[in-house]
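# Structural overview
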2 protein chains.
Amino acid sequence: MTSRHAGRHFLQIPGPSAVPDRILRAISAQTIDHRGPDFAAVGKTALDGMKTIFKTEAGQVIIFPASGTGAWEAALINTMQEGDRVLMYETGHFSMLWMKMAKRLGLNPEFIEGDWRGGADPEAIAKRLREDKNHEIKAVCVVHNETSTGSVSPIADVRSAIDETDHPALLMVDSISGLASVDFRFDEWGVDVCVSGSQKGLMLPPGISFNCVGPRAMEVSSKGGMRRSYWDWQDMTGPNETGYFPYTPATNMLYGLNETVEMLHEEGLDNVFARHARHGAATRAAVRAWGLEVLCAQQGQESGVLTAVLMPEGHSADAFRATVLKNFDISLGNGLSKVADRVFRIGHLGDFNDAMLMGTLSGIEMGLEKAGVPHEKGGTAAAMEVLKGDYTHSLAAE
Amino acid sequence: MTSRHAGRHFLQIPGPSAVPDRILRAISAQTIDHRGPDFAAVGKTALDGMKTIFKTEAGQVIIFPASGTGAWEAALINTMQEGDRVLMYETGHFSMLWMKMAKRLGLNPEFIEGDWRGGADPEAIAKRLREDKNHEIKAVCVVHNETSTGSVSPIADVRSAIDETDHPALLMVDSISGLASVDFRFDEWGVDVCVSGSQKGLMLPPGISFNCVGPRAMEVSSKGGMRRSYWDWQDMTGPNETGYFPYTPATNMLYGLNETVEMLHEEGLDNVFARHARHGAATRAAVRAWGLEVLCAQQGQESGVLTAVLMPEGHSADAFRATVLKNFDISLGNGLSKVADRVFRIGHLGDFNDAMLMGTLSGIEMGLEKAGVPHEKGGTAAAMEVLKGDYTHSLAAE
């Protein structure tokens, strides 16, 4: 390893994703007075712009100077009371962290166990809600794109499951790593609260995070929730109407956010989602050609954001990642908690294209060789077949 | 007013302060993996660097992706229990906001009323503590540099006042707008918790904020405080030791922070403080020559960060500020709550020099004329006398 790394670093973790130069330039514009007349347009553009990304007209977007963990807390603290039962689904590490946070905040989370190899199961959720005759469960909390496993939960189906049981629980969705990479429809899917962050599909550095809040959740928060100040939605609504905030916003990040929204619409959200899905398919083709296993085992729930790969028994995923970083200046994501050192994660999200994907997969292929990990040849070739060919066809063939 | 403003905007509000180009460039560097090996140096440099700015060896610096309001909440929530009595001092608008937050979080704040024309009075604090035989007061909360009035509280004297009553209350200080502009000494002054933010003397955009936590406060928080997750100090200590954070930090803001600390030490903290004090003195000389009144009426407590100026009776401060903004592209701070429309505030903090100050004061002088505000001539001339002359002498003459 030489002291200088020539060329660009490949930041192929599932977020933060590499920030486009256009956004880096936007955030480096001079800070303005967040109470002055010029700020109104910055704030209003950001708040309105994010509604188009969440696909909501009925919902209200809240922007916090905070990371995604803070937006998780805000979602719970604005709507739940101490002791409230919340139904959460174990999709992976981040669902566990959200559950642990709920406990620390005094809630009573009920965790439907999962095997980390797929999204949330709407049937299991419906079953539990049917048993809850007294409606003790106040919210169903599901991770949309589980960053630790690369599985996507079928949010529309979770909504249907709740509806068919006539249960009044709120539907809260973590789409921190899903939003702007994987299809998400706040209004159409009947989500009550969506939590998101800046450093994934939105292609920004970390530092701001979001709640998208539907009318029912806003109503609940107006009369309830826990003691709160910084996270209070109610404080935001008034000033937000004209583009201002109750306390100092992260002005320069908002500059970047406004650039992001413009870029996403220039490409078209559907094209953005298709690009991510296609890169996911090409990556899985490579992984299977290497004879390795994709962690997500539910067909149709594989993420376009990242692919988690199981290492062959007896081989350390972290040692492999270190080899790839050292030799090819490519950062891969590590396995978290239950799958620590057992999986590595390939991020293919954000401002990303075919050549960058092939650079990444080539580095992994050479890294497998260098690290002495048993594998078959032909992964990169298989990925190129997907990229060259009819991608829809490739998906069907999986 | 033409549609294009030639030249640089003068952001002369008391924060956010204009961000130096060097820092804007630093925050626009590519985001890296906050769990990767290269991040350790970024995080460690930031945490260690801020200790030199707070002037602490015994204390621990906590960095939140949040604005200053969040760091206020963190200080209270980590140390206090529901119903706890806290003694707060009304120095101005920000002390009121902190008090209101304490109420919302379930604390029982006792507010020593002030006239907004000086810093906190150590004698009044000592008197109240002496009466509190049962030590029901758990913390004394004081604003160091009150951003709404331009007065500086004598923190060392507040500490002495607490000590001479043998009262165990924690001393919590808001130095959001004081730190790195006005002398602050965490260890020497026996502060238990200091709250600060990025967008004032630290010359960064808003988006990160700080708690500096002394051993006693850390001990209290380890056994007590309120239900918390995002703001929990205890979660930070482990990962911080090696430069990492328990959840995603605002990576790019940390790049900027490391640049800031370097810049502050290049100039020398004492020189930074002297520069601010000198600009405060020159500004006050101008204000007095105009025949206007400085809001801070306590000699020796005038802030080097900003000067709040009382408008002559019957004249709107906000209309005057609009005139200055429209004609000279200079943003001045507005009067807040009790002094709304009655004062305007001149920020002279951060990355600022003599010529910028004279540009600002000249715009104000011309603005007074244009807005038809009765005033004497000679303000800018008086300021130049201070800037040209022996500044220590000028201070003595005030």
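Residues numbered from 1 in each chain as written. Chains lettered and ligands numbered in written order. Predicted model: local features only at pLDDT ≥ 70, side-chain atom pairs only at ≥ 80, totals over all residues. Heavy atoms only, no water.

Before going further, it helps to examine the side chain of Ser175 of chain B. All names here are of chain B. Inspection of the secondary structure puts Ser175 in the loop between β8 (170-174) and β9 (193-197). With relative accessibility at 0%, the residue Ser175 sits in the buried group. Side-chain polar atoms of Ser175 contact the side chain of His144, separated by 2.8 Å. The contact partners of Ser175, leaving out residues within four places of it in the chain, are His144, Phe184, Cys194, Val195 and Ser196. (Helix = DSSP H or I, 4+ residues; strand = E, 2+ residues; numbered from the N terminus. Buried < 20%, exposed > 50% of the residue type's maximum accessible area, 1.4 Å probe, protein only. Polar contact = N/O pair within 3.5 Å; in protein donor to acceptor, adjacent residues only side chain to side chain. Contact = heavy atoms within 4.5 Å.)

Counting from both sides, the interface comprises 46 residues of chain B and, opposite them, 46 residues of chain A. Around 3,700 Å² of area is buried between chain B and chain A when both sides are counted, 56% of it from carbon and sulfur atoms. Summed over the shared surface of chain B and chain A, the result is six salt bridges. Residue Arg227 of chain A is joined to Glu82 of chain B by a salt bridge in which the shortest nitrogen-to-oxygen separation is 3.5 Å. Here the side of chain B that touches chain A is built from residues that sort into 22 nonpolar, 14 polar and ten charged. (Buried area = accessible area lost by both parts, 1.4 Å probe. Salt bridge = Lys/Arg side-chain N within 4 Å of Asp/Glu carboxyl O. Nonpolar A, V, L, I, M, F, W, Y, C, P; charged D, E, K, R; others polar.)

Let us look at the relation of the copies chain B and chain A. Once turned by 180° and shifted 0.0 Å along the axis, chain B lies on chain A with an RMSD of 0.0 Å. Given the turn and translation reported, the copies of this chain are related as if by a two-fold rotation axis. Closest to the rotation axis within chain B is the C-alpha of Ala66 of chain B, separated from it by 2.4 Å. Of the interface residues in chain B, 100% have counterparts in chain A that sit at the interface too, so the contact is made through matching surfaces. (Least-squares fit on C-alpha atoms with pLDDT ≥ 70 in both.)

Bringing the sheet that holds strand β3 (residues 85-89) of chain A into the picture now. Residue and element names in this part refer to chain A. Strand order across the open sheet formed by seven strands is β2-β10-β9-β8-β5-β3-β4, with mixed pairing between neighbours. On the outer flanks of this sheet lie β2 (60-65) and β4 (108-112), each paired with one strand and no other. Each strand axis lies, on average, 20° off the axis of its neighbour in the sheet, ignoring direction. Here five bridges tie strand β5 (residues 137-143) to strand β8 (residues 170-174), and the two strands are oriented parallel to one another. Directly across from Ala139, in β8, lies its bridge partner Leu170. Against the sheet, helix α2 (residues 39-54) engages β2, β9 (193-197) and β10 (208-213), with an angle of about 115° to β2. This element, helix α4 (residues 93-104), spans β3, β4, β5, β8 and β9 of the sheet and lies at about 160° to β4. (Pairing = 2+ DSSP bridges. Axes fitted to C-alpha atoms, helices over the stretch in contact; angles between N-to-C directions.)

A few words now on the domain arrangement of chain A. Residues and elements named next belong to chain A. Under the domain assignment used here, chain A contains domain 1 (10-17 + 268-397) and domain 2 (25-265). Here the C-alpha centroids of domain 1 and domain 2 sit 28 Å apart. If you look at the interface, domain 1 gives 32 residues, while domain 2 gives 32 residues. Of the roughly 2,500 Å² buried between domain 1 and domain 2 on both sides combined, carbon and sulfur atoms contribute 57%. Looking only at domain 1, the three residues that lose the most surface to domain 2 are Leu269, Phe273 and Gln301, adding up to 24% of its buried area. Between domain 1 and domain 2 we count two salt bridges in total. A salt bridge links Lys338 to Glu90, with the nearest nitrogen and oxygen atoms 2.5 Å apart. Taken together, the links from domain 1 to domain 2 amount to 18 residue pairs in polar contact (both at pLDDT 80 or more). Going through the elements one at a time, α10 (269-289), β11 (293-294) and β12 (306-310) are the ones with two or more residues in the side of domain 1 that touches domain 2. Ranked by residues supplied to the side of domain 1 that touches domain 2, first place goes to α10 with five residues. By residue class, the composition of the side of domain 1 that touches domain 2 is 16 nonpolar, ten polar and six charged. (Domains from an automatic or database assignment.)

This part takes up the pairing of strand β3 (residues 85-89) of chain B. Residues and elements named next belong to chain B. Among the five residues that make up β3, four are buried, leaving the element largely enclosed by the rest of the structure. Relative to strand β4 (residues 108-112), β3 is paired through five bridges, and the arrangement is parallel. Looking across to β4, one finds that Arg85 is bridged to Asn108. Judged from the four bridges that link them, β3 and strand β5 (residues 137-143) form a sheet pairing that is parallel. Its bridge partner lying in β5, Leu87 is registered against Val140.

So, on to unusual backbone geometry. Across the junction of Gly15 of chain A and Pro16 of chain A, the peptide omega takes the value 0°, indicating a cis bond. Phi is positive for Trp116 of chain A, which is not a glycine, with a value near 65°. Positionally, Trp116 of chain A belongs in the loop between β4 and α5 (122-131). Overall, the relative accessible area of 3% leaves Trp116 of chain A in the buried class. One non-glycine residue, His135 of chain B, lies in positive phi territory at about 55°.

It is worth spelling out the side chain of Asp174 of chain B at this point. All names here are of chain B. Here Asp174 shows up in strand β8. Although Asp174 is buried, it makes no salt bridge; Lys200 carries the closest opposite charge, 8.6 Å away. Non-local contacts of Asp174, meaning those with residues more than four positions away in its chain, are made with Trp72, Trp98, Val142, Val143, His144, Asn145 and Val195. (Lys, Arg positive; Asp, Glu negative; His and termini not counted.)

All names here are of chain B. Closest axis-to-axis distance for the helix α10 (residues 269-289)/helix α12 (residues 354-370) pair is 11 Å, and the angle between their directions is 25°. Here α10 lies roughly parallel to α12, going by the angle between them. For the crossing formed where α10 meets α12, the hand is right-handed. Packed against α10, whose contacting residues are Arg278, His279, Ala282, Thr283 and Ala286, the element α12 presents Asp354, Leu357 and Leu361 at the interface. Looking at side-chain class alone, the contact of α10 with α12 contains four nonpolar, two polar and two charged residues. (Parallel < 35°, antiparallel > 145°, perpendicular 65-115°, else oblique. Left-handed = near helix turned anticlockwise from the far one by under 90°.)

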